[in-house]
Amino acid sequence: MIVANLEHLKDQVVLTPNMLTAIEFLLAHGHDFHPAGRKAVDGDKVFVEVQSYQTIVGDTPTFEGHKSYVDIQYVVEGEEIIAWANIDDVSITTPYDPAKGDFWLGTAPAKAVTKVHLKAGQLAVLYPTDGHAPRQAIGGSAPVRKLVVKVLI
């Protein structure tokens, strides 16, 4: 996992063609209003899931992970905790099934979890080895607007 401000991202990731497309989209349009839902950037190579939600209060997050895509989770408004655990520390509860989508779900023991506080303008880059549980509240539930850019590996 990489945590950064958007303007520093190019200095911290491997700049594959798909990653460059994702970063250029965020730099040019990251603060534009986008209606909730999927937005195409470069077909299935790079696309954005525009999300607006209330953060979740609780101590036992459900982790997710991906095999075919890297997530760039960019907070546009609000703030949240993303819980992170290495995939080796996650007990899978819903196995990966590409027919249902590029994800698996699981749980991790508290001692294996790192909590990352993201504010507006910050992002996390999450790779297939990163179990992650976004949408976690800081204190009480609060609104967040986020762009999750999916970058094909």
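Higher on the page you've got the structure.
Bear in mind that the values here come from a model prediction, so they are computed numbers and not experimental data. (Residues numbered from 1 in each chain as written. Predicted model: local features only at pLDDT ≥ 70, side-chain atom pairs only at ≥ 80, totals over all residues. Heavy atoms only, no water.)

Asker: Looking at this structure, how should I read the overall build of the protein?
Answerer: When helices and strands are counted, the protein shows one helix and 12 strands. Against the compact-globule benchmark of 15 Å for 153 residues, the protein has a radius of gyration of 15 Å, which places it among compact chains. Each principal axis of the C-alpha distribution contributes one length, and for the protein these read about 40 × 35 × 30 Å. Counting over 153 residues, the protein shows a buried share of 42%. Long-range pairs, those at least 24 residues apart, make up 78% of the contacts in the protein with a sequence separation of at least 6. Of the roughly 7,700 Å² of accessible surface on the protein, 53% is carried by carbon and sulfur atoms. The average position of the 13 basic charges and that of the 18 acidic charges among the side chains of the protein differ by 3 Å. (Helix = DSSP H or I, 4+ residues; strand = E, 2+ residues; numbered from the N terminus. Rg over C-alpha atoms; globule rule 2.2 N^0.38 Å. Buried < 20%, exposed > 50% of the residue type's maximum accessible area, 1.4 Å probe, protein only. Contact = heavy atoms within 4.5 Å. Areas by Shrake-Rupley, 256 points an atom, 1.4 Å probe, with all protein chains shown as cover. Lys, Arg positive; Asp, Glu negative; His and termini not counted. Charge placed at Lys NZ, Arg CZ, Asp CG, Glu CD.)

Asker: Please clarify how the nonpolar core should be interpreted in this entry.
Answerer: In summary, soluble globular proteins display a tendency toward joint burial of nonpolar side chains. Among the nonpolar cores identified, the biggest contains 22 residues, and Met19, Leu26, Ile72, Leu123, Val125, Leu147 and Val149 are the most heavily contacted of them. Breaking this core down by element, the ones donating at least two residues are β1 (2–5), α1 (17–29), β3 (46–54), β5 (69–77), β10 (122–126) and β12 (143–152). Here this core takes five residues from α1, the largest share from any one element. Leave out the neighbours within four places in its chain, and Met19 touches Val13, Val14, Val70, Ile72, Val125 and Val151. Ranked by size, the runner-up nonpolar core spans eight residues in total, among them Val75, Leu118, Ala124 and Val144. (Core = buried A, V, L, I, M, F, W, Y, C linked by side-chain atoms within 4.5 Å.)

Asker: Looking at this structure, how should I read α1?
Answerer: Along an α-helix, residues three or four positions apart point the same way, because every turn accommodates 3.6 residues. Helix length check: α1, at 13 residues, gives a terminal C-alpha distance of 18 Å against a target of 18 Å (1.5 Å per residue), a fit within 8%. Those residues of α1 not exposed but buried are Asn18, Met19, Ala22, Ile23, Phe25 and Leu26. The buried residues of α1 occupy an angular sector of 155° when the element is viewed end-on, so they sit on one face. Where α1 is buried, its residues touch β2 (37–42), β3, β5, β10 and β12. (Expected span 1.5 Å × (residues − 1). Arc of directions from axis to C-beta.)

Asker: Sorry if this is basic, but what is going on with unusual backbone geometry here?
Answerer: Leaving glycine aside, a negative phi is the common case for residues, and trans is the common case for peptide bonds. Phi at Arg135 takes a positive value of approximately 75°, unusual for a residue other than glycine. Relative to the helices and strands, Arg135 resides in strand β11 (residues 130–136). We classify Arg135 as partly exposed; its relative accessible area is 30%.

Asker: Help me out: how do you make sense of the pairing of strand β6 (residues 79–86) in this one?
Answerer: The two faces of a sheet get side chains in turn, since along a regular strand they alternate between them. Direction of pairing for β6 relative to strand β9 (residues 114–119): antiparallel, over a ladder of six bridges. For Glu79, the partnering residue across the bridge sits in β9 and is Lys119. As paired elements, β6 and β11 share five bridges and run antiparallel to each other. By the bridge assignment, Trp84 is partnered in β11 with His132. (Pairing = 2+ DSSP bridges.)

Geometry only, nothing functional implied.
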